[in-house]
Amino acid sequence: MIYLDNNATTPLDPGVADKMCWFLKEHFGNPSSLYPIGRDVKKIINEDREIIAQTLGANRNEIFFTGSGTESDNFAIRGVLDAHPEKNEFITSSIEHPAVMNTAKYLEKNGIKVTYVPVDKYGMIDIDFLKDSITPKTALISIMHANNEIGTIQPIEEISKIAKEHNVFLHTDAVQSFGKIDVDVNKLGVDLLSISAHKIYGPKGIGALYIRKGTKICPLIYGGHQEQEMRPGTENTIGIVGFGEAVRVFRKQGDKDKKRIEKLAEQLKKGIEEIIPHIKFNGHEKKRIKGTLNFSFYGLEAEAILLSLAVKDIYVSTGSACSEGAEETSHVLSAIGLKPEIARSSIRMSLGRFNTEKDIEIVIEELPEIIENLRKISALNIEEY
Ligand code: PLP
């Protein structure tokens, strides 16, 4: 199998799997229990909280575990809006993940004015538009750090300066950037930041939200005293242990992985661009998560390419996994100005820790033939593009 869909999810790192198995066998205690088997678990999950906090440049008590990146995004956005009833405006971008996009739509239905900042053809947000959109009624700005479909990295530091000048809270969805590039809450200057374990070779169903000390925010759910009463419910202890270990592995080998992934992605990009005609690369050449490659193959439907590759045990994506099948054309590709027929011809290949040079050689060998054969039977005419 050649897995090139690491932005959808990543395989569990073997070291993470070992740690989780050990924990499952040895520890069942409830971290809220006061006797030793509970306290031991509390200590373990707080060590995981600590390593995540350190990696983000945060304090341990600013990290709140959630059930996913999606929940972290909801918590940040709805939580800050709820805590500021005197303000009823929210600013986000037109290329956010559905976790933010659909939260924004929910807010709109509930009387909040939402501004969607447009992006240029590389997926970079229009900073002046953002600046002009801020009013005294703006409670929060939420702009993703790196895009899941095209990898474009937004200038969060610059946005942070603008947010601070106007006294507006800033959230960033760092689900795709954490574990791939430097993510430091102080360098970025954010008040809230979402991450998710399954994008960094950890388990699914565990995320975290960084909330800067002093940020006024309401919980999404109510219950016991866990997570400082901000995210009650008995902790997903096994998930937290997996998340913490995934971060430890990242700290050990993240730089090495990054260099290798970038080199492989560059090889793949070059290979595709040199051999396959009538294509378009989507995303920013430089300010991009380099392991994310998004190409449009004129005249074709992306699903046909995806399925032809799947027959050869090569797995890619047509866009965001969450929106796959649910969306005619990607809102991200539409936002960067692609015509619907070009957007629908687009494939995302996202590389990760376990990809090898051999994987890339095989894809460069197989893909051109697949594209050529599909184009022979395609009803769409390339010349019209
Ligand atoms: N935000 C971004 C940018 C993502 O890519 C994803 C997952 O694809 C999410 C949020 C949602 O994370 P989770 O799958 O943990 O809910």
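Residues numbered from 1 in each chain as written. Predicted model: local features only at pLDDT ≥ 70, side-chain atom pairs only at ≥ 80, totals over all residues. Heavy atoms only, no water.

**Quick word on the overall build of the protein chain**
In step 1: In terms of regular secondary structure, the protein chain is built from 12 helices and 12 strands.
In step 2: Taking 385 residues into account, the globule formula puts the C-alpha radius of gyration at 21 Å, and the protein chain, at 21 Å, falls close to it.
In step 3: Seen through its C-alpha atoms, the protein chain measures out along the principal axes to roughly 70 × 50 × 30 Å.
In step 4: In the protein chain, buried positions account for 58% of the 385 residues.
In step 5: Surface exposure of the protein chain reaches about 16900 Å², of which carbon and sulfur atoms provide 53%.
In step 6: Across the protein chain, the centroid of the 48 positively charged side chains sits 4 Å from that of the 55 negatively charged ones. (Helix = DSSP H or I, 4+ residues; strand = E, 2+ residues; numbered from the N terminus. Rg over C-alpha atoms; globule rule 2.2 N^0.38 Å. Buried < 20%, exposed > 50% of the residue type's maximum accessible area, 1.4 Å probe, protein only. Areas by Shrake-Rupley, 256 points an atom, 1.4 Å probe, with all protein chains shown as cover. Lys, Arg positive; Asp, Glu negative; His and termini not counted. Charge placed at Lys NZ, Arg CZ, Asp CG, Glu CD.)

**Observations concerning the pairing of strand E12 (residues 346-350)**
Along a regular strand, successive side chains alternate from one face of the sheet to the other.
In step 1: Of all five residues in E12, five are buried, a share of seventy percent or more.
In step 2: Burial along E12 is two-sided: Ser 346, Arg 348 and Ser 350 and Ile 347 and Met 349, pointing in opposite directions, are all buried.
In step 3: Two elements, strand E10 (residues 292-297) and E12, share five bridges in a ladder whose sense is antiparallel. The residue bridging Asn 294 from the neighbouring strand is Arg 348, located in E12. (Pairing = 2+ DSSP bridges.)

**As for the packing of aromatic side chains**
In step 1: Throughout the structure, instances matching the rule amount to six aromatic pairs.
In step 2: Their ring planes at 55° and their centres at 6.2 Å tell us that Phe 178 and Phe 250 sit as a pair that is tilted. Of the two residues, Phe 178 is situated in the loop between strand E6 (169-173) and helix H7 (185-188) and Phe 250 in helix H8 (residues 237-275); the sequence distance between them amounts to 72 residues.
In step 3: On the basis of relative accessible area, Phe 250 is assigned to the buried category, the value being 18%. (Phe/Tyr/Trp six-rings, centres within 6.5 Å; stacked < 30°, edge-to-face > 60°.)

**A look at helix H2 (residues 36-56)**
Since there are 3.6 residues in each turn of an α-helix, residues three or four apart along the chain are aligned in direction.
In step 1: Its 21 residues place the ends of H2 30 Å apart at the C-alpha level, agreeing with the 30 Å of an ideal helix rising 1.5 Å per residue.
In step 2: Of all the positions in H2, only Gly 38, Val 41, Ile 44, Ile 45, Asn 46, Asp 48, Arg 49, Ile 51, Ile 52, Ala 53, Thr 55 and Leu 56 are classed as buried.
In step 3: In the core, the buried residues of H2 are packed alongside helix H1 (14-26), strand E2 (63-66), H7, strand E7 (192-196), strand E8 (207-211) and H8.
In step 4: Within two residues after H2, Gly 57 carries a phi angle of roughly 75°, on the positive side. (Expected span 1.5 Å × (residues − 1). Contact = heavy atoms within 4.5 Å.)

**Notes on a negative patch on the surface**
In step 1: Together, Asp 120, Asp 126, Asp 128, Asp 132, Glu 157 and Glu 158 give the surface a local cluster of negative charge.
In step 2: Listed by contribution, the elements that provide at least two residues to the negative patch are helix H5 (127-133) and helix H6 (156-165).
In step 3: Position of Glu 158 among the secondary structure elements: in helix H6. (Patch = residues over 30% accessible without salt bridge, like charges linked within 9 Å, V, L, I, M, F, W, Y side chains within 5 Å. Salt bridge = Lys/Arg side-chain N within 4 Å of Asp/Glu carboxyl O.)

**Things to note about the sheet that holds E10**
In step 1: One open sheet accounts for three strands, arranged E9-E10-E12; its pairing is antiparallel. With partners counted over all chains shown, the strands left at the sheet margins are strand E9 (279-282) and E12, one partner each. Along the sheet, successive strands turn relative to each other by an average axial angle of 25°, direction set aside.
In step 2: The pairing of E9 with E10 spans four bridges and is antiparallel. (Axes fitted to C-alpha atoms, helices over the stretch in contact; angles between N-to-C directions.)

**Structural notes on the domain arrangement of the protein chain**
In step 1: The domains assigned to the protein chain are domain 1 (2-6 + 254-380) and domain 2 (14-249).
In step 2: On a C-alpha basis, the centres of domain 1 and domain 2 stand 28 Å from each other.
In step 3: Between domain 1 and domain 2, the residue contacts involve 25 residues of the former and 27 residues of the latter.
In step 4: Roughly 2300 Å² is buried in total at the junction of domain 1 and domain 2, and carbon and sulfur atoms are behind 61% of that figure.
In step 5: Secondary-structure elements contributing two or more residues to the side of domain 1 that touches domain 2 are H8, E10 and helix H10 (331-335).
In step 6: A per-element tally of the side of domain 1 that touches domain 2 places H10 first, with four residues. (Domains from an automatic or database assignment. Buried area = accessible area lost by both parts, 1.4 Å probe.)

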